[in-house]
Protein chains: 2
Amino acid sequence: MTMANRINRQWRLAARPDRDSGAEVDHFDFGQAPVPNIADGEALVRTLYLSLDPTQRLWMSDMDQYMAPVAVGDVMRGGTIGVVEESRADGLAVGDIVQGFWGWQDYAAVEAASLRAKLPADDDVPLVAYMGLLGAIGCTAYFGLLDIGQPKPGETVVVTAAAGAVGSVVGQIAKIKGCRVVGIAGGPEKCAWIKDTLGFDAAIDYHAEDVPTALAAACPDGIDVVFENVGGDLLDASLALVNLNARIALCGLIAQYNAAGPVPGPTMFHNILMKRVRVEGFIILDFMARFPEALAALRGWLDDGRLQYRVDVVDGLENAPQALGKLFVGANKGKLVVKVGDLATA
Amino acid sequence: MTMANRINRQWRLAARPDRDSGAEVDHFDFGQAPVPNIADGEALVRTLYLSLDPTQRLWMSDMDQYMAPVAVGDVMRGGTIGVVEESRADGLAVGDIVQGFWGWQDYAAVEAASLRAKLPADDDVPLVAYMGLLGAIGCTAYFGLLDIGQPKPGETVVVTAAAGAVGSVVGQIAKIKGCRVVGIAGGPEKCAWIKDTLGFDAAIDYHAEDVPTALAAACPDGIDVVFENVGGDLLDASLALVNLNARIALCGLIAQYNAAGPVPGPTMFHNILMKRVRVEGFIILDFMARFPEALAALRGWLDDGRLQYRVDVVDGLENAPQALGKLFVGANKGKLVVKVGDLATA
């Protein structure tokens, strides 16, 4: 490889999106920078995969949120898997596969302390699984459902964005725990996948069905746990059917991340009082110390054939902004990942 | 006493109120019935005091709620204190002072099992205290704040309807627990009472002040616990200022009990997610088994001079419907009670 090949392509946030804009692509600049020189204690990591997640839409905005937004002009934030190409850091060797938070770019100079994990090179699961089921996605499903939702066998669990990266895992764990699981997803393909392949008890297509009616039919004993990724009308439909002492794990409100101006809360809010419901927001960052517990359980279920996942891989860093937009129209099928580079052709 | 005196006056629900009507008085019929004859195992209780509570507005409606509404034509439901005038029940003697749920009427034939409590006749607190601080009101404040809100010393607690029966006790317990306490109430008299007499750190008059601005000024370190009696714009103002892992004890939503049609939830609902807030509705009925724990603590603080309360006594059962309306315009000062009869002139 010559130095000429070693360009560090970068997507930088160019402007904060209007609240009513879904056009993510207009808000980034694609540029080039030199590949960074590493200092003592650092390694040069070349990006293989970039994770795209709904929360990145929040980081683009200046909305009051759970961490600082990305500054305009900075490289866009994102979870990555990469390979170590040079190292002056103890414990990091050339060829190591590492996971971190090194953003929308080809190269990063990283300290060992910034690693989220070192990944096995000889594993029988593909690397992208560590961005989904065996990463923060799987942990989000695990802790959100089990710690916040606390489902008991025989209870009814409703999951929104049920064919999404998190939702599909939530539903499968709820099945493993002996619950009746109803998923809400967009379109017949997704509904067929969660019902026929993943084993959900019922799937509701919010594009084609009247959700309140369909949900009531699918939940004859009411709803005990809601794993909420979407909010808006879908949350209202669930709130109308909650049983006494139901739990609502609030994981995302993707319905309103692109909204223009203030969004009213659920009309059925009063049912939180009437039915003595617990609504609890959570962010997976709060559970990082307990990731090993979740990952061990998830890996066990995966190896036993009790969990399935799918990954939607978009090829090429240059396509990242356009790909991000897929999340907000539900165009992705499974965990959305950008393939930035090949391991072999390093 | 002759039989001619022994008329059982009764308020019956005549019609369900329109959702936008505040005119409680039009929805009741005042009638007379014979004083009931008691059967074996029953006692005849003559009502001394009737408790008026915001939740009675819900019972009048057919809104989906936490218990069955009062049927049209039935005697209106309500908590009462009365005196036993005749008894064929073990453990109930003529002259006993008893507390129960015997409705808006002069007399009831009751079984011993329907008693909530037998009250001391020779206590140094007035009987009406058992409808407020030393009854369900005090228990609501105690469990809602301590069990649901879980305040820690130094945290900031916000209470709405802060001069009301429940709110005024919540604020005082929060002070006992070492919190900074901010109360929101209507009018200068109420604000002066909670601040100067009860020792709240700050009081906000929602009639006169811009609540979001005043609340931000009164909560320089944000809000850790909200004890919510009102809902609507007041809840939104609190949600805008919640700290990470704040708790919202949802006790009432009086702002919307008289609303016409659906009411949107709080616009700041997304902060439940961003700030990982726990919102939990509760109804004091769920805590009845633990009332002795709360009542012992409340009585101890009362005897130590650390708790104060006030009772707004309206004279005459005939005035009950009109008095109920006071709750929804904030015209009552302290726990609202109707004096139905005298103990002495029985």
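Values in this document were obtained by computation on a predicted structure and should not be read as measured data.

The rules we used
- Residues numbered from 1 in each chain as written.
- Chains lettered and ligands numbered in written order.
- Predicted model: local features only at pLDDT ≥ 70, side-chain atom pairs only at ≥ 80, totals over all residues.
- Helix = DSSP H or I, 4+ residues; strand = E, 2+ residues; numbered from the N terminus.
- Rg over C-alpha atoms; globule rule 2.2 N^0.38 Å.
- Buried ≥ 20, exposed ≤ 12 C-beta atoms within 10 Å, placed from the backbone.
- Contact = placed C-beta atoms within 7 Å.
- Domains from an automatic or database assignment.
- Nonpolar A, V, L, I, M, F, W, Y, C, P; charged D, E, K, R; others polar.
- Least-squares fit on C-alpha atoms with pLDDT ≥ 70 in both.
- Axes fitted to C-alpha atoms, helices over the stretch in contact; angles between N-to-C directions.
- Parallel < 35°, antiparallel > 145°, perpendicular 65-115°, else oblique.
- Left-handed = near helix turned anticlockwise from the far one by under 90°.
- Core = buried A, V, L, I, M, F, W, Y, C linked by C-beta atoms within 7 Å.
- Pairing = 2+ DSSP bridges.
- pLDDT = per-residue confidence, 0-100.

### Structural notes on the overall build of chain A
- Scanning chain A from terminus to terminus reveals 9 helices and 15 strands.
- The C-alpha atoms of chain A give 21 Å as radius of gyration, which agrees with the globular expectation for 346 residues (20 Å, within 12%).
- Seen along its three principal axes, the alpha-carbon backbone of chain A occupies a region of about 65 × 45 × 35 Å.
- Out of the 346 residues in chain A, the part that is buried amounts to 51%.
- In chain A, the share of contacts with a sequence separation of at least 24, taken over all contacts with a separation of at least 6, comes to 66%.

### Observations regarding the domain arrangement of chain A
All names here are of chain A.
- In terms of domain boundaries, chain A breaks down into domain 1 (3-132 + 309-339) and domain 2 (136-286 + 295-300).
- Facing 15 residues of domain 1, the contacting portion of domain 2 comprises 15 residues.
- Tallied by class, the residues present in the side of domain 1 that touches domain 2 amount to 5 nonpolar, 6 polar and 4 charged.

### Looking at the relation of the copies chain A and chain B
- At an RMSD of 0.0 Å, chain A and chain B line up after a rotation of 180° and a shift of 0.0 Å along the axis. Overall, the copies show the geometry of a two-fold rotation axis. No C-alpha of chain A approaches the rotation axis more nearly than that of G265(A), which lies at 1.9 Å.
- Same-surface contact between copies: 100% of interface residues of chain A are shared with the interface of chain B.

### Quick notes on the packing of helix α2 (residues 136-149) of chain B against helix α3 (residues 165-176) of chain B
Residues and elements named next belong to chain B.
- Axis separation between α2 and α3 bottoms out at 8 Å; the angle between their running directions is 50°. Taken together, the axis directions place α2 and α3 in an arrangement best described as oblique. For the crossing formed where α2 meets α3, the hand is right-handed. Contacts between α2 and α3 involve I137, G138, T140, A141, Y142, G144 and L145 from the former and A165, V166, V169, V170, I173 and A174 from the latter.

### Some thoughts on the nonpolar core
- Core analysis: the largest hydrophobic core is formed by 227 residues, its most contacted members being V45(A), Y49(A), V45(B) and Y49(B).
- Beyond its immediate chain neighbours, meaning those up to four positions away, V45(B) contacts G82(B), V83(B), V84(B), V98(B), W102(B), Y107(B), A108(B) and V110(B).

### Some details on the interface of chain A and chain B
- On the side of chain B, 27 residues touch chain A, which itself brings 27 residues to the contact.
- At the level of secondary structure, the elements contributing two or more residues to the side of chain A that touches chain B comprise α7 (270-274) and β13 (278-281) of chain A.
- A class-by-class count of the residues in the side of chain A that touches chain B yields 15 nonpolar, 6 polar and 6 charged.
- As paired elements, β13(A) and strand β13 (residues 278-281) of chain B share 3 bridges and run antiparallel to each other. From the neighbouring strand, R278(A) faces β13(B), where its bridge partner is E280(B).

### As for the sheet that holds strand β11 (residues 223-228) of chain B
- Pairing is mixed in the open sheet, where 12 strands are placed in the order β10(A)-β9(A)-β8(A)-β11(A)-β12(A)-β13(A)-β13(B)-β12(B)-β11(B)-β8(B)-β9(B)-β10(B). One side of each edge strand has no neighbouring strand; the edge strands of this open sheet are β10 (202-205) of chain A together with β10 (202-205) of chain B. Across the sheet, the mean angle from the axis of one strand to that of its neighbour is 15°, orientation sign disregarded.
- Across the sheet, α2(B) is in contact with β11, β12 (242-250) and β13 of chain B; its angle to β12(B) comes to roughly 145°.

### Focus on the packing of α2(B) against helix α8 (residues 291-303) of chain B
Residue and element names in this part refer to chain B.
- The N-to-C vectors of α2 and α8 enclose an angle of 100°; their axes lie 9 Å apart at closest approach. Of the possible angle classes, the one that applies to α2 and α8 is roughly perpendicular. On α8, the residues touching G138, C139, Y142 and F143 of α2 are F291, A294, L295, A297 and L298.
- Residues belonging to the contact of α2 with α8 are distributed by class as follows: 8 nonpolar, 1 polar and no charged.

### Side note on the environment of V75(B)
All names here are of chain B.
- Following the sequence through the fold, V75 ends up in the loop between α1 (55-60) and β4 (80-87).
- The exposure class of V75 is partly exposed, given the 19 C-beta atoms found within 10 Å.
- Along the backbone, V75 and C139 are 64 residues apart, and their C-alpha atoms lie at a distance of 26 Å.
- Beyond its immediate sequence surroundings of up to four residues, V75 is in contact with Q10, W11, R12, G103, W104 and Q105.

### Here's the deal with the pairing of β13(B)
Residues and elements named next belong to chain B.
- Residues R278 and E280 point to one face of β13 and V279 and G281 to the other, with burial holding for every one of them.
- Taken together, the 4 bridges between β12 and β13 define a ladder with parallel strand orientation. Following the sheet pairing, I248 is matched in β13 by V279.

### Brief notes about α2(B)
Residue and element names in this part refer to chain B.
- The element α2 is largely enclosed, with a buried count of 12 among its 14 residues.
- Tucked into the core, α2 has its buried residues touching α3, β11, β12, β13, α8 and β15 (335-339).
- Where α2 terminates, the next one or two residues include Q150, which has phi positive at roughly 45°.

### A short note on the environment of M60(B)
Residue and element names in this part refer to chain B.
- For M60, the position within the fold is in helix α1.
- Exposure remark for M60: the 23 C-beta atoms within 10 Å place this residue in the buried category.
- For the pair M60 and A71, spaced 11 residues apart in sequence, the C-alpha to C-alpha distance is 8.0 Å.
- Excluding its chain neighbours within four sequence positions, the residues that come into contact with M60 are L13, R16, P17, H27 and V70.

### Here's the deal with the confidence of the model for chain A
- On average, residues of chain A carry a pLDDT of 93, and 96% of them reach 70 or more.
- Per the prediction output, this complex has pTM 0.88; the corresponding ipTM is 0.86.

### Let's talk about unusual backbone geometry
- Backbone geometry at Q150(A) places phi at a positive 45°, although glycine is not the residue there.
- Structurally, Q150(A) is set in the loop between α2 (136-149) and β8 (156-160).
- According to the C-beta neighbour criterion, Q150(A) is partly exposed, with 13 such atoms within 10 Å.
- The phi torsion at R276(B) lies on the positive side, around 50°, for a residue other than glycine.

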